[in-house]
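Take a look at the letters that make up each chain.
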Amino acid sequence: AMQTIVRSPQRYKVVLQYFGKNFSGWQRQPNDTVTVQGTVENAFTQFIGEKTAIVTCGRTDAGVHALGACFHVDLMRMDKKRKEYRDPYDPSTIKKAVNFYLRKLTNDIYITHVETVTQDFHARYKCSQRHYLYKIINCEDEGGSPFEADKQWYVKRLLNIDLMREAGDLLLDLEDWTVFHQSGDEVAVRILATTNTFRPHHFEQLID
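Everything numeric in this text was worked out from a predicted model, so none of it was measured. Note that residues are indexed from 1 along each chain, following the sequence as it is written. This being a predicted model, a pLDDT of at least 70 is required before a residue's local features are given, and a value of 80 or more before pairs of side-chain atoms are given or counted; all residues contribute to the totals for chains, interfaces and linings. Excluding hydrogens and water, the side-chain figures rest on all heavy atoms present in the structure.

Draft legend 1. Structural view of the overall build of the protein. For helices the rule is a DSSP run of H or I covering at least 4 residues; for strands it is a run of E covering at least 2, with both sets numbered from the N terminus onward. Helices and strands together make up the secondary structure of the protein, namely 3 helices and 8 strands. Residue exposure (1.4 Å probe, protein chains only): buried if accessible area is under 20% of the type maximum, exposed if over 50%, otherwise partly exposed. For the protein, buried positions account for 28% of its 208 residues. Contact definition: two residues touch when any of their heavy atoms are within 4.5 Å. Within the protein, counting contacts between residues at least 6 apart in sequence, those at least 24 apart form 60% of the total. Each accessible area is a Shrake-Rupley estimate made with a 1.4 Å probe; only the visible protein chains count as cover when residues are assessed. As presented, the protein carries roughly 15700 Å² of accessible surface, and 50% of it is formed by carbon and sulfur atoms.

Draft legend 2. Examining the layout of surface pockets more closely. A pocket here means an open set of points on a 1 Å grid, computed over the protein atoms alone, that has protein on both sides within 12 Å along at least five of seven lines. A cavity is instead a set of points where a 1.4 Å probe fits but cannot get out; residues with an atom within 4 Å of a point line either one. Grid points are joined across faces, edges and corners, and a volume is the space filled by probe spheres set on the points. The volume enclosed by the second largest pocket comes to roughly 250 Å³. If you trace the second largest pocket, you find 15 residues lining it, with Arg 28, Gly 38, Thr 39, Glu 41 and Asn 42 closest to the centre. Looking at the lining of the second largest pocket element by element, the count peaks at 5 residues for helix H1 (residues 36-48).

Draft legend 3. Representation of the confidence of the model for the protein within the structure. Scored from 0 to 100, pLDDT records how confident the predictor is in each individual residue. Of the residues in the protein, 78% reach a pLDDT of 70 or more, and the chain-wide mean stands at 81. Note on residues 201-208: pLDDT is under 50 here. Beyond four places in sequence and across chains, it has 4 contacts.

Draft legend 4. Looking closely at the environment of Leu 67. Position of Leu 67 relative to the elements: it lies in strand S3 (residues 66-75). Along the sequence, Leu 67 and Tyr 110 sit 43 residues apart, while their C-alpha atoms lie 9.8 Å from each other. Those residues in contact with Leu 67 that lie beyond four places of it in its chain are Leu 16 and Gln 17.

Draft legend 5. Broad picture of the pattern of salt bridges. In the sections that follow, a salt bridge refers to a side-chain nitrogen of Lys or Arg positioned within 4 Å of a carboxyl oxygen of Asp or Glu. For the coordinates displayed, the defined rule picks out 3 salt bridges. Here Asp 74 and Arg 11 are joined by a salt bridge, their closest N and O atoms 2.7 Å apart. With a gap of 63 residues between them, Asp 74 in strand S3 and Arg 11 in strand S1 (residues 10-18) connect regions that are remote in the sequence.

Below is the structure:
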């Protein structure tokens, strides 16, 4: 009797960066709205040859950027000619191939890291902490450097830095985050430390 070899999908942990200005947030939309998740899944689908879904560590809103977002994906490697499954993809192959297809779709997403993980790894539930950076340029000038225009919030009115730090300190002992969540979402978030650093932005023009 012939022995049937049953293969299970290989799970991969993937880290990526994206510039969110041209996306309507992370989450895939049912229409043609361009999102980060939809674009990444499209690239994976082109690489694998079949529809692929990814699971993220957390969603971001429209216009939000990410320096190290994480998701996991389950993949089966199929030999289409022989119609049989092969050994799992090497992580470096996935990184190179998916970035290749991403470049055909956008210049705003780049995968920085891929590694194999066990099936008990979950990008969302294994995520222990998140880091957020909010950049504010606070000056009387009309805006700031054009290179930073899409990465910061311009506020002309003078901000009270001491009051902002005091407000940030109030979050240190906050444990009930219900008011910050959508109905039905589990509340398992607690900020342990808050650091507020404000540095002036100076751009000098050098003329010989």
